There are 2 protein chains.
Amino acid sequence: MIDEVQFNSDGLVPVITQDASTGQVLMFAWMSAEALSETVSTGRAVYFSRSRQKLWRKGESSGNTQAVTSLQLDCDGDVILMKVEQHGGVACHTGRAHCFYRTLEPVAGESSGKWMITESVIKNPDDMYGRG
Amino acid sequence: MIDEVQFNSDGLVPVITQDASTGQVLMFAWMSAEALSETVSTGRAVYFSRSRQKLWRKGESSGNTQAVTSLQLDCDGDVILMKVEQHGGVACHTGRAHCFYRTLEPVAGESSGKWMITESVIKNPDDMYGRG
């Protein structure tokens, strides 16, 4: 299972996390072989934090865990698409449902555009992480 | 617009391409600043090919172009989610609708699993690329 995944020179594979019910892409992160193994064995999303350089068990601070419903591997074996049920409805550390909350307007036909915030904060990040 | 995007040390940003109608994640690729600018100005997906080290105007060989319907930027500004209308219904170079055609079975609760092919080839790649 792990053998067929092409990890990059840092030993990581990119993971696209998608809401299993709505199809919304929630977030994008990375997994090491150890993170992938733990994800598969526990059925909970475990990533590798590049900033902290350690396993990141999604939701261990915020409670917003992700129950994995499927794992898919792409044609080159170097990208994983993971479908999850998002506990608490919040995947982003900003307290939004997902991380892709800036939308380019206008999208096309112009030489440029502006990123506009198109998604509201649902939970206060300070409450999510027990700060403040 | 470009200024708010955090390109990596290779000058690239990862792009998740999603079917605007079905929500299916079609593929994962990279854009340079130039590729992103051309995507925005033309309304057609233009990536940067890491293997060929040049702009990759999706569909220029296969005819399977992608009309962009939205571009979204994530919380860290370093991942783009792009929604498209996929011309020809085939996004993957293997002739499948999308690239994530291997699914792990069983997905969870076991220490391992097998990647099973769960998506059929729709078009012959040799026909798509004018070979054979």
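Above this text sits the structure in question.
Overview of the structure.

Criteria and thresholds
Residues numbered from 1 in each chain as written. Chains lettered and ligands numbered in written order. Predicted model: local features only at pLDDT ≥ 70, side-chain atom pairs only at ≥ 80, totals over all residues. Helix = DSSP H or I, 4+ residues; strand = E, 2+ residues; numbered from the N terminus. Buried ≥ 20, exposed ≤ 12 C-beta atoms within 10 Å, placed from the backbone. Least-squares fit on C-alpha atoms with pLDDT ≥ 70 in both. Contact = placed C-beta atoms within 7 Å. Nonpolar A, V, L, I, M, F, W, Y, C, P; charged D, E, K, R; others polar. Pairing = 2+ DSSP bridges. Axes fitted to C-alpha atoms, helices over the stretch in contact; angles between N-to-C directions. Core = buried A, V, L, I, M, F, W, Y, C linked by C-beta atoms within 7 Å. Arc of directions from axis to C-beta.

## Considerations on the overall build of chain A
Moving on, step 1. The helix and strand tally for chain A stands at 2 helices and 8 strands.
Moving on, step 2. Ordered by position from the N terminus, the helices and strands of chain A form the series β-β-α-β-β-β-β-β-β-α.
Moving on, step 3. Overall, the C-alpha framework of chain A stretches about 45 × 40 × 30 Å when taken along its three principal axes.
Moving on, step 4. Sorting the 132 residues of chain A into buried and exposed places 36% on the buried side.

## A short note on unusual backbone geometry
Moving on, step 1. One non-glycine residue, Q53 of chain A, lies in the positive phi region at around 55°.
Moving on, step 2. By the secondary structure assignment, Q53 of chain A is in the loop between β3 (46-49) and β4 (54-57).

## Structural notes on the relation of the copies chain B and chain A
Moving on, step 1. At an RMSD of 0.0 Å, chain B and chain A line up after a rotation of 180° and a shift of 0.0 Å along the axis. Those values place the two copies in the arrangement expected of a two-fold rotation axis. Judged by C-alpha distance, G23 of chain B is the residue of chain B that lies nearest the rotation axis, at 2.7 Å.
Moving on, step 2. When the interface residues of chain B are mapped onto chain A, 100% of them again lie at the interface, so the same face is used by both copies.

## Here's the deal with the interface of chain B and chain A
Moving on, step 1. With 37 residues of chain B in contact, the opposing surface of chain A contributes 37 residues.
Moving on, step 2. With 6 residues, the top contributor of residues to the side of chain B that touches chain A is strand β5 (residues 66-73) of chain B.
Moving on, step 3. Looking at the side of chain B that touches chain A residue by residue, the classes come out as 19 nonpolar, 14 polar and 4 charged.
Moving on, step 4. Where strand β5 (residues 66-73) of chain A and strand β7 (residues 102-105) of chain B come together, 2 bridges link them in antiparallel fashion. Looking across to β7 of chain B, one finds that L73 of chain A is bridged to R102 of chain B.

## A look at the sheet that holds β7 of chain B
Picture the strands of a sheet paired through backbone hydrogen bonds; they go either parallel or antiparallel.
Moving on, step 1. Strand order across the open sheet formed by 6 strands is β2(A)-β1(A)-β6(A)-β5(A)-β7(B)-β8(B), with mixed pairing between neighbours. Looking at strand neighbours, the two that pair on one side only are β2 (25-32) of chain A together with β8 (114-117) of chain B, the edges of this open sheet. Ignoring which end each strand starts from, the neighbouring axes of this sheet average 35° apart.
Moving on, step 2. Where strand β1 (residues 12-19) of chain A lies against β2 of chain A, 7 bridges are found, and the strand directions are antiparallel. Looking across to β2 of chain A, one finds that P14 of chain A is bridged to W30 of chain A.
Moving on, step 3. The strands touched by helix α1 (residues 33-42) of chain A within the sheet are β2 and β5 of chain A together with β7 of chain B, with β2 of chain A carrying the most contacts at an inclination of about 120°.

## Some words on the pairing of β1 of chain A
Each regular strand carries side chains that alternate between the two faces of the sheet.
Residues and elements named next belong to chain A.
Moving on, step 1. With 6 of 8 residues buried, β1 lies mostly within the body of the structure.
Moving on, step 2. What sits between β1 and β2 in their antiparallel hairpin is a turn of 5 residues, with G23 showing a positive phi close to 80°.
Moving on, step 3. Relative to strand β6 (residues 80-86), β1 is paired through 5 bridges, and the arrangement is parallel. Each bridged residue has a counterpart across the sheet, and for I16 the counterpart in β6 is L81.

## Quick look at the nonpolar core
Moving on, step 1. Ranked by size, the top nonpolar core spans 64 residues in total, and within it I16, I80 and M82 of chain A together with I16, I80 and M82 of chain B carry the most contacts.
Moving on, step 2. Excluding residues that lie within four positions of it along the chain, I16 of chain A makes contacts with V25, F28, V79, L81 and M82 of chain A together with I16, V25 and F28 of chain B.

## Topic: helix α1 (residues 33-42) of chain B
Residues and elements named next belong to chain B.
Moving on, step 1. Taken residue by residue, α1 has A35, L36, T39 and V40 as its buried positions. Each buried residue of α1 lies within a common arc of 130° when the element is viewed along its axis, so the set occupies one face.
Moving on, step 2. For α1, the secondary structure elements touched by its buried residues are β2 (25-32), β3 (46-49), β4 (54-57) and β5.
Moving on, step 3. Within two residues after α1, G43 carries a phi angle of roughly 75°, on the positive side.

## Quick word on the sheet that holds strand β8 (residues 114-117) of chain A
Moving on, step 1. If you trace the 6 strands from one edge of the open sheet to the other, you get β8(A)-β7(A)-β5(B)-β6(B)-β1(B)-β2(B), paired in mixed fashion. Two strands in the sheet have a free side with no partner beyond their single neighbour: β8 of chain A together with β2 of chain B. Here the average twist between neighbouring strands, direction ignored, is 35°.
Moving on, step 2. Pairing of strand β7 (residues 102-105) of chain A with β8 of chain A, which is carried by 4 bridges, proceeds in the antiparallel orientation. Each residue of the ladder has a partner; that of R102 of chain A, found in β8 of chain A, is I117 of chain A.

## Let's talk about the environment of D19 of chain B
Residue and element names in this part refer to chain B.
Moving on, step 1. Relative to the helices and strands, D19 resides in strand β1 (residues 12-19).
Moving on, step 2. Along the backbone, D19 and K83 are 64 residues apart, and their C-alpha atoms lie at a distance of 5.7 Å.
Moving on, step 3. Non-local contacts of D19, meaning those with residues more than four positions away in its chain, are made with Q24, L26, V84 and Q86.

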